[in-house]
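Chain by chain, the residues run as shown.
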Amino acid sequence: MLAFLIQRVLQAIFVMLMVSLFAFSLFHYVGDPVLNMLGQEATEADRAALRAQLGLDQPVVVQFWNFIVNAVQLEFGISYRSARPVTEMILERLPATLELAIVSAIFAVVLGIVFGVYTAIARGSLLSKFIMAVSLIGVSLPTFLIGVLLIYLFAVNLGWLPAFGRGETVRIGSWWTTGLLTASGLRSLILPAITLGLFQLTLIMRLVRAEMLEVLRTDYIKFARARGLPQRVVNLRHALKNTLIPVITIIGLQLGTIIAFAIITETVFQWPGVGALFITAVRFVDIPLMAAYLMMIALVFVLINLVVDLLYYVVDPRLRVPGGSK
Amino acid sequence: MSSTPSSDKPNSTNRTEDRQSASSEGPILSVRHLRVEFPVRHANLVALDDVSFDIAPGEVLGVVGESGAGKSMIGNAVIRLLEPPGRIASGEIHLAGRRIDNLPEDDFVRLRGRHIGMIFQDPLTSLNPLFSIGDQLVETIRTHLPLNEKQARALALDLLAEVGIPAPETRFDSYPHQLSGGMRQRVVIVLALAAQPQLIIADEPTTALDVSVQAQILGLLKRLCAGRGAAVMLITHDMGVIAENADRVAVMYAGRLIEIGPVNEVIHRPRHPYTEGLMAAIPRLDGRRERLYQIEGAMPRLAAIPSGCAFHPRCPHAAERCRRERPELIPSGDSLTACWLHDPEAPVVRRQPQGGERVVLVSSTPRPAGEVLVKAIDLVRHFDVSKPWINRVLERTGRVTLKAVDGVSLVIRRGETLSLVGESGCGKSTLARLIVGLYDLTRGRLFYAGEEITDLARRSGRRAAAVRKRFQMIFQDPYASLNPLWRVGAIIGEPLRYFRPEMSDVDRRRRVGKLLEQVGLSAADALRYPHEFSGGQRQRISIARALANEPEFLVCDEPTSALDVSVQAQILNLMKDLQQQYGLTYLFISHDMAVVKHMADRIAVMYLGRIVEVAASDRLFATAYHPYSRMLLDAVPSLEGTGKRRTMIEGEVPNPIHPPSGCAFHPRCPHAFDRCRREVPVLTIRSEGSEVACHAVAEGRIV
């Protein structure tokens, strides 16, 4: 167990180093920040001064080292555009994105598994055929279109739910703001969460269904039936647990993409999250902000993968307990 | 006694009475005119047609037939676990006098495990890998018996001990992957028998096991069922297993029951020509035939079952009536058979089988030995199966090597067939791959026709190619060894394209056509894809591919173990014909002693990476020296041995990663003594052409 953990952590560190190298190289290859920041009438001395202030006059290796040391302390420098610390800007926006991502992930995973299991067990039934047909829409329609359609239907036509923004928020602790505690916050969350989670839901559902059908064909399921275990126990205890092993990986990766793809949903719903911040950063070539965002997304992926690997370990005794007879 | 969780139901008391009365009178299982259909898109396939039989209390009914005959379908229909869209279309099934085929599903579920138990073929896949065996046992017991957690656990431990699982207390919390194949099948048996069902359906219960373990498991199953008075339906393709375990035998062909009778009658006086052919097609341990009797063709597919008697296209005696009229079961002596040969009024006349090959027994004089073709000196192949370095550092363990082949020397002469035999994990396949250069040698030297080819696996280029094309390999699984996206012509032509690039397309096509005809297919088959062929035909394609460049040496790794008996006979005959025609040399690997006896001139017996005995085939079968060779021979269920008693060999093949010290066989050997535990025996000449690695033999303690 310890060896397994150490190995995975080392791998995670390696991945993060690679990503930092990429993020760091942004500073050198995506335009000259000094020119961007100072404008036309600055003198050479101004430029040199700014260069020194940003540390751009040092050797590349030293710059990279500094970048990493700073990154470990969550220090990504000052935004070129708004001249505020990047970390502060991200932290300010992070709660909105995380709340949206977590709610839509729960929506996608819970419904995805329920529908997937149902459509696998009741394969021929009318309802399951209906669910499968509808799920095609979720797979094939692009996120922004679903968002716009939902806004048109529920916000514009029916007027049930707000079309944009986060509603009222409540501050918890020093920096976290939540929309989960107010009625308007919750109402604002519904449409973006569905938009963001719909694709993942259909993906997870189809995956669970395919995997479950596979498992239901195995000998151990047939043997479980043959020795008289009730249908419910066979499906929900024996089959589901085996189904979830490969599904865990995909769900983990999908959670990462939910956060990464929040950009589009946040733009459609003008959600004040990190994704919207990143879009602005790209538009104004705000490199420190882009680098920080990149590192954050990478960290999310790496952490989720780590959790997935550990989950595997907990669920599957074949990894946990050494095999072999005698 | 029979208080299932459903004891509030009014009929539960009736059931108890049924149960008790059944043991004194009437059959446990009675199947009448059973018909199973598979409605598919364009047709309604009939998988079982008008099948009727009974099984009495305590009786073992063997159900035999080749793949596609519908034998597993019977078991699945009785326990109502047919794969969808299969369904029982008509007929009745009675269990202990009660009709069960029309029970609603909710009631039927309560029969499974409680009244009907079922055991499947593969113990490696029958148990849920994510739950401990104790978990699965307690769950099953508590489903059927009104016991609390603690009582169920106690019962489970008793049952585990009863089936011979050592240290049940510690095994209780093990997961399936921690147990060996034989141990897992014991757990499967406990699970199936936990609630003492009256009827056990065992579907190929030992097919996936090694022959020594097979004997143990069958013995165990028989003892447990006899002790509980349960009736057994033993479904298998292995006539030897039937001969030794069944009381009566039912023979299936194309979804129909074609013969049923007492085991001795069916095996020694078969009535139906198919049964006759099947018996004659089985390679025997007693006496050796030059060729096996061959039933032409293969089992028809469900979509194309012939009219009249389904067997008529393959039957040597078929008359006009057989093509038109379907025979029903007719009494003949103590048996029943569905064949017009036995019609009491106007029997169809029997024709003499052509050639009369099946009665020719030859005393196999070993062929005159040619010059040495393959010479292997002290071959060693280790696989690194260590954990990642970080585990080794933290757990303070070193590298772990699997010694798959651990010092093998052998000689193969031109024109002979050398057989490698041994149970799974003995290294026979690895050795074969070393010899053809598919694996690198860890150590040792290899010569082919006088030329050193030790580093062939790493070599490329013209000279290596010149050696490589002189030998070819035929693999076990005809489904996995042909690329499904290539036409047969391309598959067979590939070695030609590679080794003879100068050959024109026309010539190559002509050669492919000729090869196909040589292996009994037609030249037109070159345009078809592998999935259009049956298993036996695919193996013929594999052989044609191997023969493309006129090799002199073929390595055949279990070439018939995935095939049915009648098809196996065709392939073995073909291989023998080709050997005579082209003077081929074979290295023939098999776990089936009877097949080996049929094919081999000399035999090398392997155990855990080493050869323990080499001898001429006749010598080995007459008097094997090594205790392991004796055990292998003794464990084979034989057709002759109805009711035969044998000395049971304990244990299973140990994990080759941690082989026992000294002689690897010593923990299972009845003759082991101190020296065997310390010292590895080497192969020493015992008599002319025969070598044995055994201290007991060397010291004269075994004769």
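Before going further, it helps to examine the overall build of chain B. Regarding its fold elements, chain B presents 25 helices and 26 strands. For 703 residues, the compact-globule estimate of 2.2 N^0.38 gives 27 Å, and the C-alpha radius of gyration of chain B, at 27 Å, lies within 12% of that figure. Principal-axis analysis of the C-alpha atoms places the extent of chain B at approximately 80 × 70 × 50 Å. Expressed as a percentage of its 703 residues, the buried residues of chain B come to 57%. A sequence separation of at least 24 residues applies to 67% of the contacts in chain B between residues at least 6 apart. Surface accessibility of chain B: about 29,300 Å² in total, with carbon and sulfur atoms responsible for 52%.

With that out of the way, let us pick up helix H20 (residues 565-582) of chain B. Since there are 3.6 residues in each turn of an α-helix, residues three or four apart along the chain are aligned in direction. Residues and elements named next belong to chain B. Compared with the 26 Å implied by 1.5 Å per residue over 18 residues, the 26 Å span of H20 between its first and last C-alpha is a close match. Within H20, 14 of the 18 residues are buried, which leaves it mostly tucked inside the rest of the structure. Directly beyond the C-terminal end of H20, a positive phi value near 60° is found at Gly 583.

Moving on to the packing of aromatic side chains. Tallied over the entire structure, the rule returns 16 aromatic pairs over all chains. Within the aromatic cluster, the residues linked to one another by ring pairs are Phe24(A), Phe64(A) and Phe67(A). The ring of Tyr439(B) has Arg381(B) lying over it, and the distance from NZ or CZ to the ring centre is 5.5 Å. If you follow Arg686(B) out to its NZ or CZ, it ends over the ring of Tyr625(B), 4.6 Å from the centre.

Next up on the list: the interface of chain B and chain A. Between chain B and chain A, the contact holds 39 residues from the first and 32 residues from the second. Buried area between chain B and chain A, summed over both chains or domains, comes out near 3,300 Å², and the portion from carbon and sulfur atoms is 61%. When the area that chain B buries against chain A is broken down by residue, the three leading residues are Leu130(B), Glu139(B) and His177(B), summing to 20%. On inspection of chain B and its partner chain A, the count reaches two salt bridges. Asp135(B) is paired through a salt bridge with Arg237(A); the nearest N and O atoms lie 3.6 Å apart. Between chain B and chain A we count ten residue pairs in polar contact (both at pLDDT 80 or more) in total.

All names here are of chain B. Axis separation between helix H17 (residues 488-499) and helix H18 (residues 505-518) bottoms out at 9 Å; the angle between their running directions is 115°. Our pair here, H17 against H18, has a crossing hand that is right-handed. Along its contact with H17, which presents Val 488, Gly 489, Ile 492, Gly 493, Leu 496 and Arg 497, the element H18 presents Arg 508, Arg 511, Val 512, Leu 515 and Leu 516.

It is worth spelling out the pairing of strand E15 (residues 372-384) of chain B at this point. All names here are of chain B. In the sheet, E15 pairs with strand E16 (residues 401-413) via ten bridges, with the strands oriented antiparallel. In the strand pairing of E16, Arg 381 is matched with Val 405. Inspection of the sheet shows E15 paired to strand E18 (residues 443-448) by five bridges, in the antiparallel sense. Note on E18: the bridge partner recorded for Val 380 is Arg 443.

Our focus in this paragraph is a nonpolar patch on the surface. A grouping of Leu2(A), Leu5(A), Ile6(A), Val9(A), Leu10(A), Ile13(A), Leu17(A), Trp389(B), Val393(B) and Leu394(B) is seen on the molecular surface, where their side chains present a nonpolar patch of about 870 Å² in accessible area. Relative to the elements of secondary structure, Ile13(A) occurs in helix H1 (residues 2-29). On the basis of relative accessibility, which here comes to 46%, the residue Ile13(A) falls in the partly exposed class.

Residue and element names in this part refer to chain B. The mixed open sheet is built from eight strands, whose spatial order is E20-E21-E22-E17-E23-E24-E26-E25. Looking at which strands have only one partner, the edges of the open sheet turn out to be strand E20 (471-474) and strand E25 (684-687). Strand-to-strand, the axes of this sheet are offset by a mean angle of 25°, without reference to chain direction. Both strand E23 (residues 602-607) and strand E24 (residues 610-616) contribute to a ladder of six bridges, which runs antiparallel. Following the sheet pairing, Arg 602 is matched in E24 by Ala 616.

This part is about the environment of Asp54(B). Residues and elements named next belong to chain B. Residue placement: Asp 54 occurs in strand E2 (residues 44-55). Among the residues examined, Asp 54 registers a relative accessible area of 25% and is labelled partly exposed. The spacing of Asp 54 and Glu 139 is 85 residues in sequence and 32 Å in space, taken between C-alpha atoms. Contacts of Asp 54, omitting those with residues within four sequence positions, involve Pro 27, Leu 29, Ser 30, Val 31, Arg 32, Glu 59 and Arg 248. A polar contact of 3.0 Å, which involves the side chain of Asp 54, links it to the side chain of Arg 32.

Another point: the domain arrangement of chain B. Residues and elements named next belong to chain B. Taken domain by domain, chain B comprises domain 1 (11-269) and domain 2 (372-698). Between the C-alpha centres of domain 1 and domain 2 the distance comes to 35 Å. Summing both partners gives a buried area of about 1,800 Å² for domain 1 against domain 2, and 50% of it is carried by carbon and sulfur. Put simply, domain 1 and domain 2 have zero salt bridges between them. Between domain 1 and domain 2 we count seven residue pairs in polar contact (both at pLDDT 80 or more) in total. Looking at the side of domain 1 that touches domain 2, the elements with two or more residues in it are helix H8 (181-193), helix H9 (211-228), helix H10 (239-245) and helix H11 (263-268). The element best represented in the side of domain 1 that touches domain 2 is H9, accounting for seven residues. Taken together, the residues of the side of domain 1 that touches domain 2 break down into nine nonpolar, twelve polar and three charged.

Another point: the domain arrangement of chain A. All names here are of chain A. Per the domain assignment, the segments of chain A are domain 1 (1-75 + 285-326) and domain 2 (92-278). The distance between the C-alpha centroids of domain 1 and domain 2 comes to 29 Å. Taking both partners together, domain 1 and domain 2 bury about 1,400 Å²; carbon and sulfur atoms supply 83% of that area. If you sort the residues of domain 1 by the area they bury against domain 2, Tyr 293, Phe 301 and Tyr 312 come out on top, with a joint share of 36%.

This model, assessed by the stated rule, comprises 50 salt bridges over all chains. Across the pair Asp309(A) and Arg8(A) runs a salt bridge whose closest N-O atoms are separated by 2.6 Å. You can see Asp309(A) sitting in helix H12 (residues 287-315) and its partner Arg8(A) sitting in helix H1, a full 301 residues away along the chain. The pair Asp309(A) / Arg8(A) is uniform in exposure class, with both members buried. Sharing partners across several salt bridges, the network here consists of Arg35(B), Glu37(B), Asp49(B), Arg87(B), Arg256(B), Arg326(B) and Glu328(B).

Parameters at a glance
Residues numbered from 1 in each chain as written. Chains lettered and ligands numbered in written order. Predicted model: local features only at pLDDT ≥ 70, side-chain atom pairs only at ≥ 80, totals over all residues. Heavy atoms only, no water. Helix = DSSP H or I, 4+ residues; strand = E, 2+ residues; numbered from the N terminus. Rg over C-alpha atoms; globule rule 2.2 N^0.38 Å. Buried < 20%, exposed > 50% of the residue type's maximum accessible area, 1.4 Å probe, protein only. Contact = heavy atoms within 4.5 Å. Areas by Shrake-Rupley, 256 points an atom, 1.4 Å probe, with all protein chains shown as cover. Expected span 1.5 Å × (residues − 1). Phe/Tyr/Trp six-rings, centres within 6.5 Å; stacked < 30°, edge-to-face > 60°. Lys NZ or Arg CZ within 6 Å of the ring centre and 35° of its normal. Buried area = accessible area lost by both parts, 1.4 Å probe. Salt bridge = Lys/Arg side-chain N within 4 Å of Asp/Glu carboxyl O. Polar contact = N/O pair within 3.5 Å; in protein donor to acceptor, adjacent residues only side chain to side chain. Axes fitted to C-alpha atoms, helices over the stretch in contact; angles between N-to-C directions. Left-handed = near helix turned anticlockwise from the far one by under 90°. Pairing = 2+ DSSP bridges. Patch = residues over 30% accessible without salt bridge, like charges linked within 9 Å, V, L, I, M, F, W, Y side chains within 5 Å. Domains from an automatic or database assignment. Nonpolar A, V, L, I, M, F, W, Y, C, P; charged D, E, K, R; others polar.

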